[in-house]
Amino acid sequence: MPQSLAWLWYALIYMFDHRLVSARLVLEPIREGHAEIVFERMSDARLWQFFLHLRPSSVDDLRALYRRWQAGGASDAPGQVWENWLCLLHGDLTAVGSTQATILPDGTALIAYATYTDFQRQGYAREAVQCVVSHLEQQHSVRKIIAEMDRRNAASIGLARSLGFVLARDGADENDIAYELTT
Ligand SMILES: CC(C)(COP(=O)(O)OP(=O)(O)OC[C@H]1O[C@@H](n2cnc3c(N)ncnc32)[C@H](O)[C@@H]1OP(=O)(O)O)[C@@H](O)C(=O)NCCC(=O)NCCS
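1. Looking at the overall build of the protein chain
Stage number 1. The secondary structure content of the protein chain amounts to five helices and eight strands.
Stage number 2. Shown N-terminal to C-terminal, the secondary structure of the protein chain runs as helices and strands in the order α-β-β-α-α-β-β-β-α-β-α-β-β.
Stage number 3. Out of the 183 residues in the protein chain, the part that is buried amounts to 26%.

2. So, the site of the ligand
Stage number 1. Neighbouring the ligand are 22 residues; Thr115, Gln120, Ala125, Ala155 and Gly158 lie closest to it.
Stage number 2. For the shell around the ligand, the residue count by class is 12 nonpolar, eight polar and two charged.

3. Describing the environment of Arg161
Stage number 1. Inspection of the secondary structure assignment puts Arg161 in helix H5 (residues 154–162).
Stage number 2. Under the C-beta neighbour-count criterion, Arg161 is labelled exposed, with 12 such atoms within 10 Å.
Stage number 3. Each C-alpha atom of the pair Arg161 and Glu180 lies 9.4 Å from the other, and the pair is 19 residues apart in sequence.

4. Brief notes about the environment of Tyr116
Stage number 1. Within the secondary structure, Tyr116 sits in the loop between strand E5 (108–115) and helix H4 (124–140).
Stage number 2. A count of 20 C-beta atoms within 10 Å places Tyr116 in the buried class.
Stage number 3. Taking C-alpha positions, Tyr116 is 5.6 Å from Val96, a pair spaced 20 residues apart along the chain.

5. A word on unusual backbone geometry
Leaving glycine out, the prevailing phi sign among residues is negative, and the prevailing peptide bond configuration is trans.
Stage number 1. Of note, the phi angle at Leu93 is positive, near 60°, even though the residue is not glycine.
Stage number 2. As for its placement among the helices and strands, Leu93 is situated in the loop between strand E3 (81–89) and strand E4 (95–103).
Stage number 3. A positive phi angle, close to 65°, is found at Arg121, a residue other than glycine.
Stage number 4. Mapping Arg121 onto the fold places it in the loop between E5 and H4.

6. Regarding the sheet that holds E3
Picture the strands of a sheet paired through backbone hydrogen bonds; they go either parallel or antiparallel.
Stage number 1. The strand order across the open sheet built from eight strands is E1-E2-E3-E4-E5-E6-E8-E7, with neighbouring strands paired in mixed fashion. A single partner strand is all that each edge strand has here, and the edge strands are strand E1 (20–21) and strand E7 (166–170).
Stage number 2. Of the strand pairs in this sheet, E3 and E4 are connected by eight bridges, and their pairing is antiparallel. Bridge pairing in E4 links Val81 to Ile103.

7. Quick look at the packing of helix H2 (residues 34–42) against helix H3 (residues 59–71)
Stage number 1. Viewed as axis vectors pointing N to C, H2 and H3 meet at an angle of 120°, and their least axial separation amounts to 9 Å. On the basis of their axis angle, the class for H2 and H3 is oblique. Seen along the crossing, H2 lies across H3 with a hand that is right-handed. Only Val59, Leu62, Arg63 and Tyr66 of H3 make contact with H2, whose side of the interface consists of His34, Ala35, Glu36, Phe39 and Met42.
Stage number 2. Here the residues of the contact of H2 with H3 sort into six nonpolar, one polar and two charged.

Rules used throughout
- Residues numbered from 1 in each chain as written.
- Predicted model: local features only at pLDDT ≥ 70, side-chain atom pairs only at ≥ 80, totals over all residues.
- Helix = DSSP H or I, 4+ residues; strand = E, 2+ residues; numbered from the N terminus.
- Buried ≥ 20, exposed ≤ 12 C-beta atoms within 10 Å, placed from the backbone.
- Near = placed C-beta within 6 Å.
- Nonpolar A, V, L, I, M, F, W, Y, C, P; charged D, E, K, R; others polar.
- Pairing = 2+ DSSP bridges.
- Axes fitted to C-alpha atoms, helices over the stretch in contact; angles between N-to-C directions.
- Parallel < 35°, antiparallel > 145°, perpendicular 65-115°, else oblique.
- Left-handed = near helix turned anticlockwise from the far one by under 90°.
- Contact = placed C-beta atoms within 7 Å.

Encoded structure:
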């Protein structure tokens, strides 16, 4: 590739890639090719205790999901932007979890997160979500961030509270509560 084209290529990657960096983590936009790397950790049933139906059943399943995420949005939901990250340790790039944001046209974002079982309770989810919250505020002017969860999911509730999210919805179903952060 001629040098001028190479520079253009790198400039475009820099402008449109939503890679994030925190003290211990690189949050790399999820790509289809990540499926093989994380399938074993992602298929651990303990991660899916409250939403077992979403557990990927094969590498192909996960690859198809990551392909849709990589595309960045849903054709049936115009105006939404999806951003998904794999959380990797600086240095050896071990994958410790993932996090995601769905940015809605009204300036609200929904977030979700997971830390693979062997890496839990080491502050990785808090660090990753803090990084995503700053990104959503600064790059997308998001003003309200919502995390939906199951009422029995003590870890997710604890994480949300530790980040300053407050209870915003307590629905009739046990899988329907939401914590919210207004920035
Ligand atoms: C929820 C989850 C992402 C937390 O990840 P983590 O990396 O272990 O969380 P952190 O180590 O960053 O914990 C940050 C804070 O969250 C709270 N927390 C985390 N795990 C907790 C648990 N099992 N019980 C209660 N509070 C918990 C604590 O306040 C913790 O701070 P502390 O360790 O200083 O007390 C992880 O348990 C997970 O992946 N669960 C399965 C997937 C899931 O349910 N995702 C949420 C979908 S809505």
